[in-house]
Structures are given as structure tokens and as C-alpha cells.
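Geometric and topological summary
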Amino acid sequence: MKARVKWVEERTFVGESGSGHKLVLGTASAPGGATPGPSPMELVLIGTGGCSAYDVVHILEKGREAVEDCVVELDADRAEIDPKVFTRIHMHFIVSGRALSLDKVRRAVDLSIDKYCSASAMMARTAAITHDFEVVDTSAK
């Protein structure tokens, strides 16, 4: 896997993935100022949620569940001193679909966090990771 990050100006950078996707990232130049994009640590948190959401959808689809949507809401704390690693991450999954099995959703979320998600495994070295989920039944819609 490869990636590239190039400085643009002030605290603005452009990251490019090995697959050619680009995104702007950076931090505000002054406290309370506008940011050009997510900060690098916000991207780490988003990546962790994305990794786990991908797993959950994949596991449910393999189990022939009629999953229609998966959202992960993340709430995290960081250390107060450098390096300001994540110390706590809570992941709340909202999984929507037609007549989803509660047990299969629970299993998919648990498998992602405990076994398959590489990002969660890395974050767990410094952060206490907790998770919960809710299922939204779209059958009546």
C-alpha cells in the first residue's frame, strides 16, 4: 500500500492514495479558524469507522441479510500530552434493513471489532474501544 501527502500552504495538505484518490486535509491556522479539510487524526478516526462499517456490511451480506444502510457514529478522547493518541473510542452502529436478525447484526459488529478490523486492532493498542448498535427495520416502509 502506498500513499503520498503534499504540503500546499500554511497548514493545508493534499493526500493521495495509491489508488489515485485525493483529499484535502489540514488544521486551522488560528484557534477557532476554518479548516481546509479534516485533520489527520480525524481521518484516522474516520478510517477506523470505515474499516469496521465495511466489515459489518460484508458479513451481513454474506449471511444473506437484507442490509440497506450502515452508519457508525464515533466518539473519542485523546491524550492531553504528546503524542496525543486516542485513549477512548466508542463506536455506535446503526444498521438498517428489512427484517434483519438482531443476533446476526450483533455477531457482525462483534466480529468486526474483535477479529477483522485492522484499524480497530491498531487503535486498541492505546484506546479502550467500546461499541453498541441499533437495528432499524425498514420492512414497513
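Structure: above.
Here we summarise the structure given alongside this text.

1. A few points about the sheet that holds strand E3 (residues 22–26)
- Judged by pairing direction, the sheet is antiparallel, and its three strands sit side by side in the order E1-E2-E3 without closing on themselves. Only two strands of the sheet have a single neighbouring strand rather than two, namely strand E1 (3–9) and E3. Each neighbouring strand pair of the sheet contributes to a mean axis angle of 25 degrees, computed without reference to strand direction.
- Sheet topology note: the E1/strand E2 (residues 12–17) ladder contains six bridges and is antiparallel. Note on E2: the bridge partner recorded for Ala3 is Ser17.

2. Quick look at helix H1 (residues 40–62)
- The end-to-end C-alpha separation of H1 is 33 Å, in line with the 33 Å expected for 23 residues at 1.5 Å each.
- When H1 is considered as a whole, its buried residues turn out to be Leu45, Thr48, Gly49, Ser52, Ala53, Asp55, Val56, Ile59 and Leu60.
- Next to the buried residues of H1 lie strand E4 (66–78), strand E5 (86–98), helix H2 (102–116) and helix H3 (118–123).

The rules behind each value
- Residues numbered from 1 in each chain as written.
- Predicted model: local features only at pLDDT ≥ 70, side-chain atom pairs only at ≥ 80, totals over all residues.
- Heavy atoms only, no water.
- Pairing = 2+ DSSP bridges.
- Helix = DSSP H or I, 4+ residues; strand = E, 2+ residues; numbered from the N terminus.
- Axes fitted to C-alpha atoms, helices over the stretch in contact; angles between N-to-C directions.
- Expected span 1.5 Å × (residues − 1).
- Buried < 20%, exposed > 50% of the residue type's maximum accessible area, 1.4 Å probe, protein only.
- Contact = heavy atoms within 4.5 Å.

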